[in-house]
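Okay, here's what each chain looks like letter by letter:
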Amino acid sequence: MHHVVLEHWSRGSSPLHRRDPRAKFGALLVFLVVLATAHRSLPLLSVALMALLAGVLVWGRIPLLGALARATVVLPFTLVFAGVCWAAGDPARGLALLLKSYLSALAVLTVVSTTPLPLLLRGLETAGVPRFLLMVAQFLYRYLFVISEEAQHMRVAARSRGGATRDLATQPARFRAAAGALAVLFARSYARAGGIHRAMLARGFLGHFRALGSLDFRGSDAAFLVTASLAPILVRAVIERMA
Amino acid sequence: MPPLIEVRDLRFRYEDGTQALKGVNFRLDPGESVALLGPNGSGKTTFVMHLNGLLSGEGSIQVCGMTVESRNLPAIRRKIGLVFQDAESQLFMPTVLEDVAFGPLNLGISQQQAVDHATTALETVGMAAAASRAPYHLSAGEKRKVAIAGILAMDPEILVLDEPTTSLDPPAQRSLAELLASLPQAKILVTHDIPFVQSLCKRAAFFQDGIIAAEGFVEEIVSRFGWGLGLERSKSRI
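Because the structure is predicted, anything quoted here is derived from the model rather than measured.

**Q** Talk me through the overall build of chain B; I want residue IDs and the actual numbers.
**A** Secondary structure summary: chain B contains ten helices and ten strands in total. Based on the C-alpha atoms only, the size of chain B along its principal axes is roughly 55 × 45 × 40 Å. Buried positions account for 45% of the 238 residues belonging to chain B. Sequence-distant contacts, at least 24 apart, represent 65% of the contacts inside chain B between residues at least 6 apart.

**Q** Report on the overall build of chain A, specifying residues and quantitative values.
**A** In terms of regular secondary structure, chain A is built from eleven helices and zero strands. Ordering the α and β elements of chain A from the N terminus gives α-α-α-α-α-α-α-α-α-α-α. Split into buried and exposed, the 243 residues of chain A put 22% on the buried side. Here the contacts in chain A between residues at least 6 apart in sequence split such that 82% fall between residues at least 24 apart.

**Q** How would you summarise the interface of chain B and chain A if you had to cite specific residues and measurements?
**A** Counting residues at the interface gives 26 residues for chain B and 22 residues for chain A. Every element with two or more residues in the side of chain B that touches chain A is listed here: α2 (73-79), α3 (87-90), α4 (96-106) and α5 (111-124) of chain B. For the side of chain B that touches chain A, the element with the highest residue contribution is α4(B), accounting for six residues. Class assignment for the residues of the side of chain B that touches chain A results in 15 nonpolar, seven polar and four charged.

**Q** Go over the sheet that holds strand β3 (residues 33-37) of chain B with me, naming the residues and quoting the values.
**A** Residue and element names in this part refer to chain B. Strands sit in the order β6-β7-β8-β3-β9-β10 across an open sheet of six strands; the sheet is mixed. Strands at the two margins of the open sheet, each flanked by one partner only, are β6 (80-83) and β10 (211-217). For this sheet the average axis-to-axis angle between neighbouring strands, irrespective of direction, equals 15 degrees. Of the pairings in the sheet, the one linking β3 to strand β9 (residues 203-208) comprises four bridges and is parallel in character. Within β9, the position partnered with valine 34 by the bridge is arginine 203.

**Q** Report on the environment of Thr115(A), specifying residues and quantitative values.
**A** Residues and elements named next belong to chain A. Tracing the backbone through its elements, the reader meets threonine 115 in the loop between α7 (91-112) and α8 (117-126). Take threonine 115: there are 24 C-beta atoms within 10 Å of it, and that puts it in the buried class. Setting aside its immediate chain neighbours within four residues, threonine 115 contacts Ser10, Pro21, Lys24 and Leu120.

**Q** Please provide a residue-by-residue account of the domain arrangement of chain B, values included.
**A** Residues and elements named next belong to chain B. As far as domains go, chain B holds domain 1 (1-83 + 157-238) and domain 2 (87-155). For domain 1 versus domain 2, the distance between C-alpha centres works out to 23 Å. With eleven residues of domain 1 at the interface, the matching set in domain 2 holds ten residues. Those elements that place two or more of their residues in the side of domain 1 that touches domain 2 are β6 and α7 (170-182). The element contributing the most residues to the side of domain 1 that touches domain 2 is α7, with four residues.

**Q** An account of the sheet that holds strand β4 (residues 58-63) of chain B is requested, with residue identities and associated values reported.
**A** Residues and elements named next belong to chain B. Taken in spatial order, the four strands make up an open sheet running β2-β1-β4-β5, and their pairing is antiparallel. Here the strands that pair on one side only, and so sit at the sheet edges, are β2 (19-28) and β5 (66-67). Alignment of strand β1 (residues 5-13) against β4, held across five bridges, turns out to be antiparallel. Looking at β4, one finds that isoleucine 5 is bridged to valine 63.

**Q** Got a sec to walk through the domain arrangement of chain A? Specific residues and values, please.
**A** Residue and element names in this part refer to chain A. Under the domain assignment used here, chain A contains domain 1 (4-126 + 214-242) and domain 2 (131-202). Centre-to-centre separation of domain 1 and domain 2, based on C-alpha positions: 30 Å. Counting residues at the interface gives four residues for domain 1 and five residues for domain 2. In the side of domain 1 that touches domain 2, the residues fall into three nonpolar, no polar and one charged.

**Q** A description of the environment of Pro91(A) should follow, citing residues and the corresponding values.
**A** Residues and elements named next belong to chain A. Considering the arrangement of structural elements, one finds proline 91 in helix α7. Spatially, the C-alpha atom of proline 91 lies 36 Å from that of arginine 61, the residues being 30 residues apart in sequence. For proline 91, the residues in contact, after removing those within four places along its chain, are Cys85 and Trp86.

Cut-off values and rules
- Residues numbered from 1 in each chain as written.
- Chains lettered and ligands numbered in written order.
- Predicted model: local features only at pLDDT ≥ 70, side-chain atom pairs only at ≥ 80, totals over all residues.
- Helix = DSSP H or I, 4+ residues; strand = E, 2+ residues; numbered from the N terminus.
- Buried ≥ 20, exposed ≤ 12 C-beta atoms within 10 Å, placed from the backbone.
- Contact = placed C-beta atoms within 7 Å.
- Nonpolar A, V, L, I, M, F, W, Y, C, P; charged D, E, K, R; others polar.
- Pairing = 2+ DSSP bridges.
- Axes fitted to C-alpha atoms, helices over the stretch in contact; angles between N-to-C directions.
- Domains from an automatic or database assignment.

What follows is the structure, given as structure tokens:
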């Protein structure tokens, strides 16, 4: 199944996987701030930061092309706003929007794909994120998989009965069928999610996720945090000085 | 000896108006294994979901001397292990070990104790070697065993299994029957699988239209309702 890829990556055994999630969050935060506040020489800076992230992904033994492809998931959203900027006569702003959103997504993906979800959530909890918000995140994560699984089952069922997913725009009947299938998908996913919730309650779930594994912030995590935070700052300083 | 479960006049109506249970009376004694038989939609699954408070209807339910009500639910869910028909719904953690440890951790025990409970339960069902695997990579029979391990890890006094043989091949069904026969807990089996029931239970309750229409020895109930008619006998009647 496609959805297990990230889960599979997060269970790796690289030095990056072994870092405390809080160290990764800190480095991610610095990276995002450096990126968000950059204005000068943005295309060159983007290439440099992309190379930096690529190096981190390789260090974390994450398939580089797969990660680069998955980070494009944000582009459909930002393309709309980039298009608006372009139409308004400000293509530079549109390009900056695209570059920053893609690199941000890639940075988040780097952390998520090297940290198992239970540890990720525990790290956020110890960092002060409200427990209720984390519970919502956990359910959202799980139920997205539920919807994905149901969609795949329905797709197989439709194909086995001669249904096709191509050329929907040119075939109104098929488009209507797909729209109906979407409604059924959500109804089925809702029922399935209810089943999962009941199974959790039956095993004593009282609203707080407890998971195996503990957090231990060591010297190597501190060293990683300092190094990984300084790297994008230095890259930006060098490139802005060159410009 | 007091019963493990005593249900009196249980009634339940779903939000859509369907009256699923119309006055069910039931009793389970320590060490007993009882099969719940009956047609689809007769109220069997609705009934078992009342036993640990997942659904709440009118009437009285006592489990291990405790009334099924919100303040007792944590203790009752420790006593009753419910294995759902869809094992996929029960397996939601990233690895088998973490999934099996989910219940023990909810009981408030330490991580090491939870791992010990989970490891023992996995050994009991013969799935210790799969501890680090992702649940969605397991076969249907393996998923069922891991789901049972997730319940056993909570050390319940009663096991409730809803359609446990669904989607299992015959060897997996035999393996499951042997496993269940080796477990000391009292059991309630919701199933249509008569050979499976015959290998594990002496007593059966037959659900029909929201009530228990008859109770008695498995052979007697199966014979009375023609529930043991195999395909061959059915064909000969056509």
